[in-house]
Structure formats: structure tokens, C-alpha cells
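A structural walkthrough
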Amino acid sequence: MTEREAQATGRGAASRRAVLSTGVGAGLAAATAGAVYAGSRAGAAASGSSGADSMAAPAGEDMSAAVPFRGVHQAGIVTPAQDRMHFVALDVVPGTTREELTALLRAWTKATERMTLGAEAAPGGVAGGNPLAAPADTGEAMGLPASGLTMTIGFGPSLFDDRFGLADRRPEALIELPAFRGDALRPERSGGDMALQACAHDPQVAVHAIRNLVRIGAGTVSVRWSQLGFGRTSSTSTSQATPRNLFGYKDGTNNLKAEDPELLERHVWVQPDDVPGAAAWLAGGSYLVARRIRMHIEVWDRTSLQEQDATFGRRKLKGEPMGGSEEFDEPDFAALGSDGEPAIPRDSHVFLAHASQLDGIRILRRGYNFTDGTDGLGRLDAGLFFIAFMRDAHAQFVPMQRALAAKDRLNEYIVHDGSALFACPPGIDPDVPSDFWGRALFT
Amino acid sequence: MRTRATTVLLAPLLVVALGACTQAKSAGGSAITVDASDDACTMSTSTTTTGDREFRITNTGTKVTEFYVLTEDGMVVSEVENLTPGMTRSLHVTLKRPGAYKGNCKPGMVGDGIDAALAVTGDTITTDTDPKLEAAAGEYQAWVSAQADELLIRTAEFVAAVKAKDVAQAKSLYAVARAPWERIEPVAESFGDLDPAIDGREDVIAEGLEFTGFHRLEKDLWVDGLQADSDAIADRLLADVTTIVEKSKAADLDGLKIANGAKELLDEMATGKITGEEDRYSHTDLHDFAANWEGSKKGMEVLKPILTDRNQLLVADYNQAATTLDGLIAAQREGEGYRLYTDVPQAEIKALSDALTAVGEQVGRVGAALATQ
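Keep in mind that this is a model prediction, so the values were computed, not measured.

Section: the overall build of chain A
Of the regular secondary structure elements, chain A holds nine helices and ten strands. The buried share of chain A, taken over its 443 residues, is 56%. With an accessible surface of roughly 17,400 Å², chain A has 56% of that area assigned to carbon and sulfur atoms.

What follows is the structure in C-alpha cells.
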């Protein structure tokens, strides 16, 4: 806990510094700037441009800075996992045409690029517009920096039915996930034609981004379900410490990391050969699997430490694999305990999810802890909103989840009640100003 | 179902942006040039006169920039976005009133940007009141009046059935009597204290009021059976309705009030009707839902001739969203009326809610469009 507290304190200090220093920068740049009008939400604190160079905090630690929106791949996948998330799955409203959907994707891209910079969703959006009109930006992020906001879009298998003429463009691997043993999926928490994942270091920034895009989509898309995540459970960069899930464990220590592009190409990014012909739009993209994993929190909490450790196959305090001594020690599945049994139980999470047990399969985990209040019986409605990115969900997630669903000791303490699969297109081309999400798919 | 892609373009109140990036249009005098660099915003002049003006902005910096024309207190008169380095674009603006304005360049698209003062002199450009607006107000007023007459007639029939202890007849007239009320609710509601007496729900008791009106009789008819004071409640309902009908017929309406009323009716549907809380004993909520919608549509219908002149795209967007909602409501018809709300599947309620949101976003643009000429 003290580590987390220290982290939080450091973060607060960093952002205050950023605001102070950039406040000075902005003042120098525009000595005559009017006090009333502020087109960006938080002066230059948000930007990678005007004021960033004067920031006191080093780049890697600055929680207020902007993450580039454009690039070869979409942001929000290998971007070092931000602390907060708002995820929304949407269905296209019946009767919508392909042209209308394309227009929405353009409008979304434009508003998103602005918001990721820390700007309002539209120029003068909060209070610069006609007083008789509803403001174009809902305003709750005014004054907040970009906060590392990333928005990632994905298209679900259902989008490729006969509504929009996209059937022939559906990549072969974009088909619904099969049922797994123990699933208790609820339709109202599953599926969707499209998904938007907003991640940021400030929850208000993430919620603002989703809220404004949903509003822009009124009449064209309808929210199917959404999920808030309050704390990252994965590290996607070697610069990040492995966080804990709500069971108190460091899970996903062996996650794929941004610093290993070769492994990312092999396990995360869809390769041109994977998507020949009309499905080529997905090259450079990735598949997103989302699973809402409800944890039986109270049951877990009264379980002995020994059983908890054996369930994960790691020790709780430092996260080292059983039989090892440090978190990043490679698990030694051959080691035996004093009782002559494998030190790492064969039904433990770390054993079953390890690449060595899955023919080398790996995925990029990027999930979030969630709490949706209590369940009506006074029990926490909480768990892990599992998000993972991969090159082919059916070749990677499905065998992994089959193995876990069949044997994982953790199943006594969890239940999967939501599930979805989306194909995330590649990034927005920095050299094509008019580029938009899904351009290669829709044009 | 057209997207809101177009709606982020705000129609300024005082001025009209004639469009960015169009071919040069003869504005009064030559264009004001703007040199927008990474650290300066230099305009070729700091004074101009009211009327149509063209700004020609060149991004001489290294970052993507924006250029705004702002009023002194920071309201956006017009703007042009996404000027990449080296790009020149035109912005046509009608400056309607003299005063202090400012240009504002925003390198990198964030931050407060860099101001350049612009003093505007000359006469205010006035526009005559649109005669179509007066015609619209007149037409709406006449319709409200007719609905008010209908409300009085139907309420009298309902009250008569209650007093005759004819429960079946009273039940069949309940939703019918409420329909004209729901159509003109914003007008009627503007007469304050009578609204809770006529349309209050049981929770008005918490505010120290007596539970009277339509919903008290609804509870008697569907749940408790007629009570000793049901007749008195019925008499009072008719008296209150008579008063509100007189007031509604004399209401002074204008374009903006009609637009606000059209929005309020939708808001009422979204908060009170979609939840099934309005008619919690009879479950005739869809009757009220449809009547609110008819009232909102009527307001938009009378305003359309003006809106068509000013923002054709808004009318097209609205029409499309309205057609969707019309279809969904029509699908709920059953016999003379509508299905009981308790029989409507959740998925269909969600579809109604989505369609309502889409219409509401369009109607929310109407006030500003009316104020723009």
C-alpha cells in the first residue's frame, strides 16, 4: 500500500508542477491572452507541443502529457497502460446506412484527435458557442490536461453482416468466441458492433471522451454496454511495475511489453499474410478480447494464504513464482516442493496460462480492476475487466481460455459474465490529415 | 439517423460564418491577412468595419494551427481548424456589431492561443423580424388553443364517468383525457402551481401538498377502488383544468418558447415516461409518451419553414430522426390505443430511448438556429 501511496503522491506533485510551469510558458507566449477564452482544456499542460518542453517531470513519468493519437498502430494497445479506463460497446441503430456510419467515424476521429491533445471536442465547445445551443463539448474535462488519453476503436463480428456491405471484408478470424466451460455470459454485457476503449490517468478524462463520442453518435449508434475500470492490472512496458488485481496478486508478470517489437509482431499485430484480399484493411491492427470477470471477493477474502498462493502459483507479497525468489524469475515447473509434489501446482493459474503449456502462445494483457458497487446482497460486484490484444483470438485466446476454463483452480473464485471480440484497425496515418478510423475498411 | 458530424459546427448568435475555405468572395474591402506562426499571430490590420469580412490565414509555423475570431468576452464568432504548416485558408465572417473583437491563433491546437486585437467600427447590421416567425407563433397558439378545448371536453367526460361510479368507462377515458394535456404540457406547466394539483404523483405529499388530480383518480380506479372523496377530487380536477385551459389559450408564445417547449416535451419523455413512472397504476404510459411526441412534433412543424431557410441540414437531420421515432411509436399501437407499458420488452424500450436521444440532440439545435439570421 505504501508503494501505491507514494506513487499517487508523486503523481499529484508531477501534475501540479506541470501546470505551474506551463502556466508560465503560456503567459510568455501570449502575454495578451484573454482570461475568458481557453480553447484547450488546461492551457499547454496537455500538449506534447507548446508547453511540454518546459515540464519539470521527465517524460516517462508525466501523467498529464498527451499520447500521440496518430501512428502505424492505434494508441491504447502497447501504450504503457494508463490507470483508468472507460470501455463502451455500441450497436449501430437499425436503418443506418454505410455512408452515415462512415460520416460518424470521421466525426469521431476528429473529435478524438482534439481530445487526446487535451483540447475540447469541438472548437469553443464548452462555452464558446451560441448560448442558445447546447454546448458541443460536455465540459467536465475543462481544465484537465490530456492525461495520457488514448482512444482505441474496434469492430465486432456483427458489423460484417449484410447491413453495410462489409461481409466480404470480414477477416476469417473475426468470428464470435466459442462458449467456455463455466461461462455465465449475460447478453447485456456481451458483444457489440463496435467498441471504444478510452484509457487515461484521470478517470474524468476517460469518461468525458466516451460520453462525448457517444453523444456525437446519437441516432447512429446505441450503447449496448459499458464498463469503467479504476485501476490497471497489467504493465505493458518494462518501465511499469506489475500492478495487483483485486485478489491482491501480481498477475501477468510475463506480459508482452512495448519494448519487444519482435514479439509484438509475432503475437499482437495482424500481419498482411493473415488478412489477404478484401480483409487486408486489418493488417497492422489487432484483435481485442474483452471479458468481464466477476470475482467472488468475499469467498476469496476468507481463503487461507496458502490456498491463495497455490491458486495463482505465485506468492502474494513479492509476486515470485512458487519455488522462485523474485517476481521476474522464470517459473520452474519441474521444481518439487518438500512434499514431493510440483512446487507450482498443475492447476494453478501461472502454470496453465504460461506459454510453455500453450505451445508458445502469448497475448498482450491490458485489463482493469472494476467495482460496480454492490450486488443487492451486499457483496462487492467487482472483478477484473480482462482486455487482451492479439494477432488471432481463435489461435491465442481460445486455447488459453479453454485450458483455464477446464482446470484453473481460480475458477472457484471467479465467473465470466461478459464477453466480446473486436478487430481493431491499424492506426491513423500521420501523413494523411483526412484519415479516419476504419478508412481502409469503409472506403 | 444522419450523424451529428455536422452539428459540431456552431451557429454563432451575432454573426454568420459564411464558410471557411471557400473561393474568395468579394467582401467589403480586401482580405485581412493573418500570419500564424508558432509564436505570433500577426494580422494585416487591427481595425475594420462591420459587414462581411474575409480573413486569409497562412500557417507560417511548424505546428498544426487554428484561427478564431472571438468577441471581447471570448465567444467564438467563427473559426478555421486544422491548418497544417504552409497552408493558407480563407475565413468569411459577418461582423454584425461594432466593438472589440480579437483574432486568435492557436499553434498546436491547445493552450490559450495568441490574441491579435481587432477593433470593429461602423453601424450595427440589423435584420428585420422574420414574418414567418410570427406566423409560426400564431399557428402554434391556435393549435394549443384547440388542444386546450379538447382537454376540457375529455376531462369533463372522464370526471362524469368517475362521478357516475362507472369504473370501466372511467378507465377507458383516463388516457384519452390526458392526451391533450400531455401535448401542451410545457405551456400548461408554465402556470406553476396548478400543475402538481392536476398532474402530481403521490410523492407530492412529501412536499406537503395534497395528492389530487389525474393520478389520484388513476390510483383509485386501478388500485384502491373509488373512495369517499373521489367525487370531490374529480370536481377539483375539472375546476383546475378549466382554469389552466383559459390561461393556456391566452399564453404569449414566440419562436424560442415553441422550440424550448418542443425540447421540454422530449425531456419529459426521456425522464418521466421512458421509466414507466408516470402512469404507474394504469401502465398507460405509452399514451402519454405518444402525446408528448405529438406536441413536440407540432412545435417543430410550425418552425420548419423558418428553419428550412436558416439551416436546411438541421431540418433534414431532424426529419430523419423523427421518422425513426414515429415508426417505433406506431409499432406500439394496439387497438384504439397503445400497449400497456408493462408489456413492452426492454429491447423495445431501449430502441425508443435511443430514438428519443437522437431527436433530442437535433431539437437542442433549434434555439440557436432561430437566433441566427
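Read on for the rest.
Regarding the confidence of the model for chain B
Averaged over all residues, the pLDDT of chain B is 87; the fraction at 70 or higher stands at 91%. Taken together, the chains of this predicted complex give a pTM of 0.82 and an interface ipTM of 0.76.

A short note on the nonpolar core
Within the largest apolar cluster, 79 residues are counted, with the highest numbers of intra-cluster contacts made by Trp108, Phe155, Leu159, Leu196, Tyr287 and Trp437 of chain A. Tallying contributions element by element places helix H2 (residues 98-116) of chain A first for this core, with seven residues. Formed jointly, this core draws a minimum of three residues from each of two domains, domain 1 (1-156 + 191-230) and domain 2 (164-190 + 233-428) of chain A. Here Trp108 of chain A is in contact with Leu90, Ile153, Met194, Leu196, Leu213, Ile216, Gly217, Val221 and Trp437 of chain A, once residues within four sequence places are set aside. Counting residues in hydrophobic clusters, the runner-up holds 68 residues, among them Val144, Val162, Phe289 and Tyr341 of chain B.

Some thoughts on the packing of helix H1 (residues 131-163) of chain B against helix H5 (residues 213-224) of chain B
Residue and element names in this part refer to chain B. Running from N to C, H1 and H5 point in directions that differ by 35 degrees, and their axes come no closer than 12 Å. Note on packing geometry: the crossing formed by H1 with H5 is left-handed. Together, Thr155, Phe158 and Val162 of H1 and Phe214, Leu217 and Leu221 of H5 make up the contact between the two elements. Among the residues making up the contact of H1 with H5, the classes are represented as five nonpolar, one polar and no charged.

A short note on the state of the cysteines
Applying the stated criterion to the full structure yields one disulfide over all chains. The partner cysteine of Cys41 of chain B in its disulfide is Cys105 of chain B, sulfur to sulfur 2.0 Å. Across the S-S bond of Cys41 of chain B and Cys105 of chain B the torsion is about 60 degrees, and the bridge reads as right-handed. Here the residue Cys41 of chain B occupies a position in strand S3 (residues 41-43), and Cys105 of chain B occupies one in strand S9 (residues 99-105), the gap between them amounting to 64 residues. Here Cys41 of chain B matches Cys105 of chain B in class, with each residue buried. The cysteine Cys199 of chain A is free of any disulfide, with Cys424 of chain A supplying the nearest cysteine sulfur at 11 Å.

Remarks on the pattern of salt bridges
The full count for this structure, using the stated rule, is 59 salt bridges over all chains. Salt-bridge contacts for Asp193 of chain A lead to Arg163 of chain A; the nearest nitrogen and oxygen are separated by 3.0 Å. One end of the pair, Asp193 of chain A, is in the loop between strand S2 (150-155) and strand S3 (194-200); the other, Arg163 of chain A, is in the loop between S2 and S3, and 30 residues separate them in sequence. The class of Arg163 of chain A is partly exposed, set by a relative accessible area of 34%. The salt bridge involving Arg365 of chain B is made with Asp317 of chain B; its shortest N-O contact spans 3.3 Å.

Criteria and thresholds
- Residues numbered from 1 in each chain as written.
- Chains lettered and ligands numbered in written order.
- Predicted model: local features only at pLDDT ≥ 70, side-chain atom pairs only at ≥ 80, totals over all residues.
- Heavy atoms only, no water.
- Helix = DSSP H or I, 4+ residues; strand = E, 2+ residues; numbered from the N terminus.
- Buried < 20%, exposed > 50% of the residue type's maximum accessible area, 1.4 Å probe, protein only.
- Areas by Shrake-Rupley, 256 points an atom, 1.4 Å probe, with all protein chains shown as cover.
- pLDDT = per-residue confidence, 0-100.
- Core = buried A, V, L, I, M, F, W, Y, C linked by side-chain atoms within 4.5 Å.
- Domains from an automatic or database assignment.
- Contact = heavy atoms within 4.5 Å.
- Axes fitted to C-alpha atoms, helices over the stretch in contact; angles between N-to-C directions.
- Left-handed = near helix turned anticlockwise from the far one by under 90°.
- Nonpolar A, V, L, I, M, F, W, Y, C, P; charged D, E, K, R; others polar.
- Disulfide = S-S within 2.5 Å.
- Salt bridge = Lys/Arg side-chain N within 4 Å of Asp/Glu carboxyl O.

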